[in-house]
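Structural features, examined
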Amino acid sequence: MALVPYVQNPLPVLSKFHNSSAEFRFANRDLRLTQDWKKLGVAAVVWDAAVVMCMYLELGKVELKGKRVIELGAGTGLVGIVAALLGAHVTITDREPALDFLSANVEANLTPAPQQPVVVSELTWGVALERYPAGGFDLVLGADIIYLEDTFPSLIRTLEHLCSDATAVLLACKIRYERDTNFLSMLKRGFHVEEVHYDQERDIHLYRARKLPTRRDL
Ligand SMILES: C[S@@+](CC[C@H](N)C(=O)[O-])C[C@H]1O[C@@H](n2cnc3c(N)ncnc32)[C@H](O)[C@@H]1O
């Protein structure tokens, strides 16, 4: 007989991922995001980076009202939902297998209303980018999407496609490994990147990037 009772996840920092929901209050609204770690893994739990991104958006340092915003690797959709509640026109994206779960969370937290125009759609980084308007967004959001080295080139191609010189990119990042900083170095080849916020409690860095003007050789 086991002396220590079975604990599904002994690390308290990870046990929150096994809760069936996560609750927040942003934009004067109570939000409840369904989670399902066992079914969909990383795409079905709310990561600290998303929470820090929402806190930053709520500060009002980024203009959202009426802006065309796209969220990449949205997972449960918390960031896109909050951006919509703050007045943006949001396209919330992720890979195809995550979309039903994402749509259900978006529908549960946003009542359909003309002032909250939101679209949920598939965007696998680097794939079929022509489905999205080139340079067609004012703001690109990504929370905890820099973690798979194999995806770095396609994620950068995606940012290059979605951004014009005037588009702002906001990335909320947990820097876990050296390779994560490699992504930032790769991004800096085509974008001006600056750190605009650091959440010490959750160890989340927030970077703002803007595409460098295209060089015109004479
Ligand atoms: C760590 S989770 C972050 C989820 C959410 N942004 C958050 O912070 O709570 C990473 C997300 O990136 C998505 N993702 C991973 N690889 C992707 C790819 N190649 N194309 C699009 N999304 C991808 C996953 O499906 C997942 O939703």
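Residues numbered from 1 in each chain as written. Predicted model: local features only at pLDDT ≥ 70, side-chain atom pairs only at ≥ 80, totals over all residues. Heavy atoms only, no water.

1. Focus: the UniProt feature "transmembrane region" (unreviewed entry) in the protein chain
Here, UniProt's "transmembrane region" (unreviewed entry) annotation points to residues 40-57 and 69-92. As annotated, residues 40-57 comprises 61% helix and 0% strand, and the C-alpha atoms at either end are separated by 27 Å. Counting secondary structure, residues 69-92 comes out at 33% helix and 33% strand; the distance between its end C-alpha atoms is 8 Å. (UniProt positions renumbered as here; feature names shortened; annotations may be inferred. Helix = DSSP H or I, 4+ residues; strand = E, 2+ residues; numbered from the N terminus.)

2. Here we look at helix α3 (residues 48-58)
Buried residues dominate α3, accounting for eight of its 11 residues. Turning to α3, the residues buried within the fold contact β1 (21-26), α4 (78-85), β6 (139-143), β7 (168-173), β8 (191-199) and β9 (204-211). Just past α3, the residue G60 takes up positive phi, approximately 85 degrees. (Buried < 20%, exposed > 50% of the residue type's maximum accessible area, 1.4 Å probe, protein only. Contact = heavy atoms within 4.5 Å.)

3. Focus on the environment of F183
Within the secondary structure, F183 is located in helix α7 (residues 178-187). Sequence separation between F183 and F152 is 31 residues, and the spatial gap between their C-alpha atoms is 6.3 Å. Ignoring anything within four residues of it in the chain, the contact list for F183 reads I146, F152, L155, I156, L159 and L171.

4. Some remarks on the site of the ligand
In the vicinity of the ligand there are 18 residues, among which G73, D94, R95, W125 and A143 approach most closely. A distance of 2.6 Å is found between an oxygen atom of the ligand and a side-chain nitrogen or oxygen belonging to D94. A distance of 2.8 Å separates a nitrogen atom of the ligand from a polar atom in the backbone of A143. Its free accessible area being 590 Å², the ligand has 96% of it covered by the protein chains. When its residues are assigned to classes, the shell around the ligand shows 12 nonpolar, three polar and three charged. (Near = heavy atom within 4 Å. Polar contact = N/O pair within 3.5 Å; in protein donor to acceptor, adjacent residues only side chain to side chain. Areas by Shrake-Rupley, 256 points an atom, 1.4 Å probe, with all protein chains shown as cover. Nonpolar A, V, L, I, M, F, W, Y, C, P; charged D, E, K, R; others polar.)

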